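# Observations on chain architecture
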Amino acid sequence: MDKDLTDEQLVEIAVSENPEAFGEIVNRWERKIFALCYGMLNREDEAGDAAQETFIAAFRNLANFRGDAKVSSWLHRIAVNQCLTKKRREKTRSETFLDEEKNEEEKFFVAPVNQSPSNSFEKDEKTLAVRQAINSLPMELKQVVLMKEFEEMTFQEISDALELPLSTVKSRLYTALKQLRMKLEKTPLEIV
Amino acid sequence: MKMNNNNHNSFCGFAEDAVAYLYGEIDETQKAKFEKHLSLCSHCEEEITAFATVRSSVLNWKSEEFDILASPVIDIPFGQMPKTVENFEISRFWLESLLELFSFSPVKVAAACAFLVVGFSLMFFVFDFSAGNEFADLKNNNSFVIEVEQPTENIVEPEIQTPAVEKIAERETNAKISNVENKSEEVFVQAKSPKKVSPSPAEIVKTQNTPNRLSNSPAVKNPKNTLIKQNEIEARIQQAPRLNNLPEEGEDRSLRLADLLADLDTE
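Computed from a predicted model, the values in this text were never measured in an experiment.

### Quick word on the overall build of chain B
Within chain B, the secondary structure is distributed over twelve helices and zero strands. Sequence-ordered secondary structure for chain B, helices as α and strands as β, is α-α-α-α-α-α-α-α-α-α-α-α. Counting the 267 residues in chain B, one finds 10% classified as buried.

Written as C-alpha cells, this is what we have:
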C-alpha cells in the first residue's frame, strides 16, 4: 500500500475497493492507540484488548466515517470510549468495597510484569508514584495528559480527537500538570 | 529585578501560553512575550520549572513501563466486508424512493382516490354477485340448501273441551228430549238423577296431556313450551263455568241418554 496516502484516502480505498487498505491505518496508529489504552488502563493485556477492539470497531464502521474529521481523531475517540467501557465493566465487576481496596493495593504494591528485580528501589518508587498520581487524575484530565505525553499529539490533534476547543485542551493540561505536581510533591520519596 | 508574586498561581494569566511554551507549541510572538514575562516573574519561572519536572517524571514512567512493551497484534477480520458506501447508497436510494412514494402530490392523490373507488366498486360487485348466487341456489334448491329443523307433524293446538261446557250442551239436548217425550217422566228423572261432579283441574290437565300426538310434538318435547301450554289450559279451565257453581234454579236436572237407555233396558 502506498505510504504517501493520507489516512482519509486509505479509508476511502478500504470502503470502495480494497478493505485491506485499512491495514496501513492500523500500522500507522496501533502503537499510539495502544499507548493511550495502556495509560488509561495500566494493564498490558487489557490495553492490547482495547486497542484490538478499537481497530475492529473502526473497520466495521468505516462506511459511517465522516470525511470532515480526521481518521486519527476518530480512532482516538473510539479508543477512549473502549477504555471507559472497560473501566466501567471493571468497576461493576468488583462486588464489594473490599475488592476495590484490594485492587488498589495490588496496583500500588505489585510491580508491572516487565519490571525486572534489578531495577533500583528509588526508580521503582518514582515510577509507582507517577503512575499512582496519573491514575488519581479525573478522566478528562488524564486522557489529555496521556495523549500529550504518551502519544505526543499536538494540541490541535487532541482538540480534534476530543472535540474540544483548543483553549480547553490547554487549560485541562495545565490543570493536570498542576495536580500532578502537587501529588508528586506530597509523596514521601520526594521528601526523602 | 524579578517580581516575586506568590499570591497568584496561574502564571499571571499566562497559563495557556505556559503550557504551549512547555510543549513547544507556542507561536513566535507569544513566545517572545512569555519569555519576557518569565525574565521578570520569579513565580512563573518557578512554576514552569516545576511543570517541566513533572513532565520528565511522566516521560520516565512511560519509557520505563510502556516503551519496553511490544505492540499487540491487531487482527482485523478483512473477510467480513464492512458496510460499503455503495451498499449504503443503495439503501439510501431505496429509502428515498420509498419516501417519494409516500410523498403527497395532486396526481398521486387523484390516482389513489381513483384506485380506492375502483377497488370499492369491485368489492361491492363481487359481494353482490355472490349474494345473488346464493339466492338463486336457494330458489333452485340445487346445491345450497338451508337446513332448518322442522317438526315432522304439525303442532296441533289441543282443543280444550271442558267437561262443564259439554255437560251444559248435553243438558240442553236432554232437556229438549225430555220436554218432547214425557213431562211426567221428567219429574221422575229429575228426582232420580244424581248430581254430576265436574272433574278436578288436575285431572283435566292429566287427560289433556295424555294424547300420543302431542307427546311427539316439539312443544311437548320442550318443557318450557309444555309448561306454557299447561298454564294456558289451567287458566281456561278456571274461566269455564262450573256445574257446581250454577245457581239453585239452574241446577242440573237433566238425565243423560245413556242413563235413560239403561233404565229402558232394565224395564
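The structure having been displayed, the exposition proceeds.
### Quick notes on the packing of helix 8 (residues 155–162) of chain A against helix 9 (residues 166–186) of chain A
All names here are of chain A. The interhelical angle for the contact between helix 8 and helix 9, taken along N-to-C directions, is 105°, at an axis separation of 9 Å. If you check the angle between helix 8 and helix 9, you find them roughly perpendicular. Residue-level contacts link Phe155, Gln156, Ile158 and Ser159 of helix 8 to Leu166, Val169 and Lys170 of helix 9. Taken together, the residues of the contact of helix 8 with helix 9 sort by class into four nonpolar, two polar and one charged.

### Considering the environment of proline 165 of chain A
Looking at the secondary structure, you find proline 165 of chain A in the loop between helix 8 and helix 9. By C-beta crowding, proline 165 of chain A is classed as exposed, having 10 other C-beta atoms within 10 Å.

### Observations regarding the confidence of the model for chain B
Residues and elements named next belong to chain B. Averaged over all residues, the pLDDT of chain B is 67; the fraction at 70 or higher stands at 44%. This stretch, residues 142–149, has a pLDDT under 50; its non-local contacts, to residues over four places away or in other chains, come to six contacts. Under a pLDDT of 50 for its full length, residues 204–220 has, in the predicted model, 25 contacts with residues more than four places off or in other chains. Overall fold confidence (pTM) sits at 0.52, and the ipTM for the predicted complex is 0.76.

### Thoughts on the interface of chain B and chain A
Often, the extent of an interface is quoted as the loss of accessible area on bringing the components together. Taken together, the 33 residues of chain B in the interface contact 44 residues of chain A. Taken together, the elements giving at least two residues each to the side of chain B that touches chain A come down to helix 1 (15–22), helix 3 (42–66) and helix 4 (85–102) of chain B. The greatest single-element share of the side of chain B that touches chain A, amounting to twelve residues, is contributed by helix 3 of chain B. Taken together, the residues that form the side of chain B that touches chain A break down as 22 nonpolar, four polar and seven charged.

### Observations concerning the nonpolar core
All names here are of chain A. Core analysis: the largest hydrophobic core is formed by 66 residues, its most contacted members being Leu36, Cys37 and Ala79. If you tally residues by element for this core, the top one is helix 2 (residues 22–41), at twelve residues. Contact partners of cysteine 37, with chain neighbours within four places excluded, come to Ala47, Ala50, Ala51, Ala79 and Cys83.

### Details of the confidence of the model for chain A
Per-chain confidence: chain A averages 82 in pLDDT, with 80% of residues scoring 70 or above. Mean pLDDT across the secondary structure elements of chain A bottoms out at helix 10 (residues 188–191) of chain A, with 47, and peaks at helix 3 (residues 44–60) of chain A, with 92.

### Topic: the environment of glutamate 24 of chain A
Residue and element names in this part refer to chain A. Mapped onto the elements of the fold, glutamate 24 is located in helix 2. Looking at glutamate 24, the number of C-beta atoms within 10 Å reads 17, which means it is partly exposed. The spatial distance from the C-alpha of glutamate 24 to the C-alpha of alanine 14 is 10.0 Å, given a sequence separation of ten residues.

### Focus on unusual backbone geometry
Even without being glycine, asparagine 42 of chain A reaches a positive phi, approximately 65°. Within the secondary structure layout, asparagine 42 of chain A lies in the loop between helix 2 and helix 3.

Basis of the calculations
Residues numbered from 1 in each chain as written. Chains lettered and ligands numbered in written order. Predicted model: local features only at pLDDT ≥ 70, side-chain atom pairs only at ≥ 80, totals over all residues. Helix = DSSP H or I, 4+ residues; strand = E, 2+ residues; numbered from the N terminus. Buried ≥ 20, exposed ≤ 12 C-beta atoms within 10 Å, placed from the backbone. Axes fitted to C-alpha atoms, helices over the stretch in contact; angles between N-to-C directions. Parallel < 35°, antiparallel > 145°, perpendicular 65-115°, else oblique. Contact = placed C-beta atoms within 7 Å. Nonpolar A, V, L, I, M, F, W, Y, C, P; charged D, E, K, R; others polar. pLDDT = per-residue confidence, 0-100. Core = buried A, V, L, I, M, F, W, Y, C linked by C-beta atoms within 7 Å.

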